[in-house]
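A closer look at the structure
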Amino acid sequence: MIRYVRLFVLVLILSSCSPQPKLVKEKWFPNPNGESELALTMRDMYDAMKEMKFRLDQDKKVKSIPNFDNLLTATPTGLSMKKESFDAFANSWLNSLEKMNTNSLKNQKENYRNLVNTCIGCHDQSCPGPIKRIVKLKLSSVKD
Ligand code: HEC
């Protein structure tokens, strides 16, 4: 009997140690200058992307696609932050987001990759600071 109890305890210990993927939420620190509508939208976009990556990295399809139509109209911290290319990048990003509504995991991964690249593209032009953080959103299986 005691053998079985030991075995049971062992199984319990082993199963609790098996790696369970966990979604770790990003920590956003308050900006001393206050957060603009656009900056808050960006944080939501980042969080949404992180959730998508979490599923795709486990080869699970993304089921609910959030809506970020306010990306085009949200007010930035300063008008100079919105460069001429802003709308083109924003529309391209929203287009790829729309395409996440597909049934194929492969297409979702491809669109997700486009999303990350467009985040980086727009930031390259208007606000390079967050790029280091955005790069971390790349899928684990995608190296480029
Ligand atoms: C169309 C251009 C554009 C695209 C696409 C874009 N960004 Fe941004 N992002 C900006 C601009 C401009 C700011 C500065 C906003 C401000 O300070 O008002 C910003 C700010 C940020 C910030 C800083 C927010 C803060 O707390 O101040 C983060 C993080 C961020 N973006 C992440 C992302 C991620 C992740 C994506 C893709 C999912 C993305 N961005 C796509 C233009 C873009």
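Residues numbered from 1 in each chain as written. Predicted model: local features only at pLDDT ≥ 70, side-chain atom pairs only at ≥ 80, totals over all residues.

Section: the overall build of the protein
Going by this rule: Each helix is a run of H or I in the DSSP string that is no shorter than four residues. Each strand is a run of E no shorter than two, and both are numbered from the N terminus. In this description, a residue-residue contact is defined by the distance between C-beta atoms placed from the backbone, which must lie within 7 Å.
For the protein, the helix and strand inventory stands at 5 helices and 0 strands. Reading the helices (α) and strands (β) of the protein from amino to carboxyl end gives α-α-α-α-α. Summarising the internal contacts of the protein: among those between residues at least 6 apart in sequence, 63% fall at separations of at least 24.

Description of the site of the ligand
Basically, it comes down to this: Here is the check we use: build the C-beta atom from the backbone, and if it is within 6 Å of the molecule or strand, call the residue near. Under this grouping Gly is polar, as are all residues other than the nonpolar Ala, Val, Leu, Ile, Met, Phe, Trp, Tyr, Cys and Pro and the charged Asp, Glu, Lys and Arg.
As a matter of local geometry, the ligand sits amid 27 residues, with Met42, Pro76, Thr77, Cys119 and Cys122 nearest to it. Looking at the shell around the ligand, the elements with two or more residues in it are helix 2 (37-57), helix 3 (86-98), helix 4 (105-126) and helix 5 (131-135). Broken down by element, the shell around the ligand gets its largest block of residues, 7 residues, from helix 2. In terms of residue class, the shell around the ligand is made up of 18 nonpolar, 6 polar and 3 charged.

Observations regarding the nonpolar core
Soluble globular proteins tend to bury their nonpolar side chains together. What counts here: By convention the nonpolar core is taken to be a set of buried residues drawn from Ala, Val, Leu, Ile, Met, Phe, Trp, Tyr and Cys and joined through C-beta atoms within 7 Å. Buried, partly exposed and exposed are defined by the number of other C-beta atoms within 10 Å of a residue's own C-beta, namely 20 or more, between the two limits, and 12 or fewer respectively, with C-beta atoms placed from the backbone.
Membership of the largest hydrophobic core is limited to 12 residues, which are Met49, Met52, Leu56, Val62, Phe89, Trp93, Leu97, Tyr112, Leu115, Val116, Cys119 and Cys122. Contributing elements (two or more residues each) for this core: helix 2, helix 3 and helix 4. Excluding its chain neighbours within four sequence positions, the residues that come into contact with Leu56 are Val62, Gln108, Lys109, Tyr112 and Leu139.

Looking at the environment of Ser85
Counting through the fold element by element, Ser85 comes out in the loop between helix 2 and helix 3. Taking C-alpha positions, Ser85 is 8.5 Å from Ser126, a pair spaced 41 residues apart along the chain.

Some remarks on the confidence of the model for the protein
Stated formally: Known as pLDDT, the predictor's confidence for each residue is given on a scale from 0 to 100.
The pLDDT averaged across the protein works out to 89; a share of 87% of its residues lies at or above 70. No element of the protein has a lower mean pLDDT than helix 1 (residues 2-17), which averages 63, and none a higher one than helix 3, which averages 97.

Re helix 3
One full turn of an α-helix is made of 3.6 residues, so residues set three or four places apart face in the same direction. The condition that has to hold: One less than the number of residues in a helix, times 1.5 Å, gives the span that helix is expected to have. The arc under discussion is defined with respect to the helix axis, by the directions toward the C-beta atoms.
Counted at 1.5 Å a residue, the expected span for helix 3 with its 13 residues is 18 Å, and the 18 Å between its end C-alpha atoms agrees. Of all the residues in helix 3, the buried ones are Phe89, Trp93 and Leu97. The buried residues of helix 3 occupy one face: seen down the axis, they fall within an arc of 75 degrees. Residues of helix 3 that are exposed and angled more than 90 degrees away from the buried face: Asp87 and Glu98. Contact partners of the buried residues in helix 3: helix 4.

Description of helix 2
Compared with an ideal rise of 1.5 Å per residue, which puts 21 residues at 30 Å, helix 2 spans 30 Å between its outermost C-alpha atoms and is within 8% of the ideal. Of the residues making up helix 2, those classed as buried are Met42, Met49, Met52, Lys53 and Leu56. Seen from one end, helix 2 has its buried residues packed into an arc of 100 degrees, which puts them on one side. Looking at the residues trailing helix 2, positive phi occurs at Asp59, about 60 degrees.

Quick word on unusual backbone geometry
One non-glycine residue with positive phi stands out, namely Asp59, at about 60 degrees. Structurally, the position occupied by Asp59 is in the loop between helix 2 and helix 3.

Describing the packing of helix 3 against helix 4
Applied cut-off: The angle between two axes is taken between their N-to-C directions and runs from 0 to 180 degrees, where each axis is a line fitted to C-alpha atoms and a helix contributes only its stretch in contact. Just so you know how the angles are binned, under 35 degrees is roughly parallel, over 145 roughly antiparallel, 65 to 115 roughly perpendicular, and the rest oblique. If you view the pair so one helix is near and one far, a crossing is left-handed when the near helix is turned anticlockwise from the far one by less than a right angle, and right-handed when it is turned clockwise.
For the pair helix 3 and helix 4, the least separation of the axes is 9 Å and the interaxial angle reads 165 degrees. Compared by their axis directions, helix 3 and helix 4 come out roughly antiparallel. Crossing of helix 3 over helix 4 shows left-handed handedness. Every residue of helix 4 that contacts helix 3 at Phe86, Phe89, Ser92, Trp93, Ser96 and Leu97 is listed here: Asn111, Asn114, Leu115, Thr118, Gly121, Cys122 and Ser126. Residues of the contact of helix 3 with helix 4, tallied by class, amount to 6 nonpolar, 7 polar and no charged.

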